[in-house]
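Reading the structure
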There are 4 protein chains.
Amino acid sequence: MTETTHGYSSDIPAYTRRLNRIEGQVRGVSRMIQEDQYCIDVLTQISAINKALHSVGLQLLEQHMHHCVAAAAHESPEAAQAKIAEATAAIGRLMKS
Amino acid sequence: MTETTHGYSSDIPAYTRRLNRIEGQVRGVSRMIQEDQYCIDVLTQISAINKALHSVGLQLLEQHMHHCVAAAAHESPEAAQAKIAEATAAIGRLMKS
Amino acid sequence: MTETTHGYSSDIPAYTRRLNRIEGQVRGVSRMIQEDQYCIDVLTQISAINKALHSVGLQLLEQHMHHCVAAAAHESPEAAQAKIAEATAAIGRLMKS
Amino acid sequence: MTETTHGYSSDIPAYTRRLNRIEGQVRGVSRMIQEDQYCIDVLTQISAINKALHSVGLQLLEQHMHHCVAAAAHESPEAAQAKIAEATAAIGRLMKS
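Below: a short report on this structure. All figures in this text were calculated on a predicted structure; none of them were measured in a lab.

Criteria and thresholds
Once a new chain begins, its residue numbering starts again from 1 and follows that chain's sequence as written. Going through the entries in the order they are written, you letter the chains from A and number the ligands from 1. In keeping with the predicted nature of the model, local features appear solely for residues at pLDDT of at least 70, side-chain atom pairs appear and are counted solely at 80 or more, and the whole-chain, interface and lining totals rest on all residues. Water and hydrogen atoms play no part in the side-chain values, which are based on all heavy atoms of the structure. Take the buried Ala, Val, Leu, Ile, Met, Phe, Trp, Tyr and Cys residues and link them wherever side-chain atoms come within 4.5 Å; each set so joined is a nonpolar core. To sort residues, take the accessible area from a 1.4 Å probe on protein chains only and compare it with the maximum for the residue type: under 20% means buried, over 50% means exposed, and anything in between is partly exposed. A least-squares fit on C-alpha atoms brings the copies together, and the residues used are those whose pLDDT is at least 70 in both copies. Any pair of residues with heavy atoms lying within 4.5 Å of one another is described as a contacting pair. Only C-alpha atoms enter the line fits that serve as axes; for helices the fit covers just the stretch in contact. Angles between N-to-C directions range over 0 to 180 degrees. Helix and strand labels come from DSSP, where a helix needs a run of H or I of at least four residues and a strand needs a run of E of at least two; each type is numbered from the N terminus. Should an angle fall under 35 degrees it is taken as roughly parallel, and over 145 as roughly antiparallel, whereas 65 to 115 is taken as roughly perpendicular and any remaining angle as oblique. By the convention adopted, Pro, Cys, Tyr, Trp, Phe, Met, Ile, Leu, Val and Ala count as nonpolar, Lys, Arg, Asp and Glu as charged, and the other residues, Gly among them, as polar. Throughout, buried area stands for the accessible area (probe radius 1.4 Å) lost by two parts on being put together, summed over both. By definition, a salt bridge exists where a carboxyl oxygen of Asp or Glu is found within 4 Å of a side-chain nitrogen of Lys or Arg.

1. Focus on the nonpolar core
- Core analysis: the biggest nonpolar cluster contains 116 residues, and L60 of chain A, L60 of chain B, L60 of chain C together with L60 of chain D have the highest contact counts within it.
- One finds A73 of chain A together with A70, A73 and A80 of chain C within the second-largest nonpolar core, a separate group that totals 8 residues.

2. Considering the relation of the copies chain A and chain B
- Between the two copies, chain A and chain B, the superposition gives an RMSD of 0.0 Å; the rotation angle is 180° and the shift along the axis is 0.0 Å. Viewed as a symmetry operation, the transformation between the two copies matches a two-fold axis.
- Most of the interface of chain A is mirrored in chain B, where 100% of its interface residues again form contacts.

3. Some details on the packing of helix α3 (residues 39-75) of chain C against helix α4 (residues 77-96) of chain C
Residues and elements named next belong to chain C.
- Where α3 meets α4, the closest approach of the two axes is 8 Å, and the angle between their N-to-C directions is 170°. In terms of orientation, α3 and α4 fall into the roughly antiparallel class. On α4, the residues touching H54, G57, L61, H64, C68, V69, A72, A73 and E75 of α3 are A79, A80, K83, I84, E86, A87, I91 and L94.
- Grouping the amino acids of the contact of α3 with α4 by side-chain chemistry returns 11 nonpolar, 3 polar and 3 charged.

4. Points about the interface of chain A and chain B
- Taken together, the 45 residues of chain A in the interface contact 45 residues of chain B.
- Summed over both partners, the interface of chain A with chain B comes to about 4300 Å²; 67% of that surface belongs to carbon and sulfur atoms.
- Our enumeration of links across chain A and chain B arrives at 2 salt bridges.
- Mapped by element, the contributors of at least two residues to the side of chain A that touches chain B are α1 (2-6), α2 (12-34), α3 (39-75) and α4 (77-96) of chain A.
- In terms of residue count, α3 of chain A provides more of the side of chain A that touches chain B than any other element does, 18 residues in total.
- Broken down by class, the residue content of the side of chain A that touches chain B amounts to 24 nonpolar, 13 polar and 8 charged.

This is the structure we're talking about:
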């Protein structure tokens, strides 16, 4: 069952709503630039989008660890190590972005 | 003319294209979650979006400094100081996001 | 034995070396400012220190997950959830810093 | 006079104090690891150091813009553009770190 594999299926509607809102915010930035709005206000909006995306990323990560990492920990230390190394690399990419 | 004040008007088509692409990437993340794709791949995509947004923000900032901050520097030290303090605060928000 | 609890004891000498180097880099920034070196060079050095600290943080996090989170996963789902929520909050703080 | 060129000479004592404190915090992290303190607490401390360094970097940047960028704006548009491109690159490195 794919639903239980990745651990976030029960929250799909909530994620979809959040990402729709973020998509609207990106469209808003595009409109602000077309209307030649004040640059600092555009930057503030971009910061808000990045924050919202980081927050979505953190929640996905938490559910990933709860499902995939914990499952791997029950399987074998090697499986856990592989999943944890993979998650850490993803965290590193998020931190740099 | 407001278009020349903020200094990015000649680049509006390029910004619009970049933001359209980012909007498509956000929609892609939403679709990945609905299709229950692997969490780490979703996180990688979110990192890519944040990077793209930071890059748009940096370019806006550079043009803002070139136009507004430089103009304020020609006006008065006080005007420059106010613009620079405002830009620094915006940079601080970008860095935390 | 507390040493095995947190999972990083075997690496203490390596961490100590890395943090000594970072400490030296912070001292270097202080010296650069006292010598009135060029601001952009100081900023480049500060970025390098932040990167080095993030890298130490990521490695600590990886070991923490490998030891504490995996141990909690063997204990109970509730224990795992608590550890994972705690780790996610720490990741969120790192990302904002 | 080099002291006035980079614009932060009057604040050298304050910067030195802040960097001494940061140096002490890095030493504190090293000690926490040697004492095998709880990993999450070490990460919290690392986040605090990064925040403090970012804050020093932002203040340096603000002074740099007030002095060097504003001076370049009075010199020529080309000089201003070069300084602003340089500052933007430094901001990009800070944001990624």
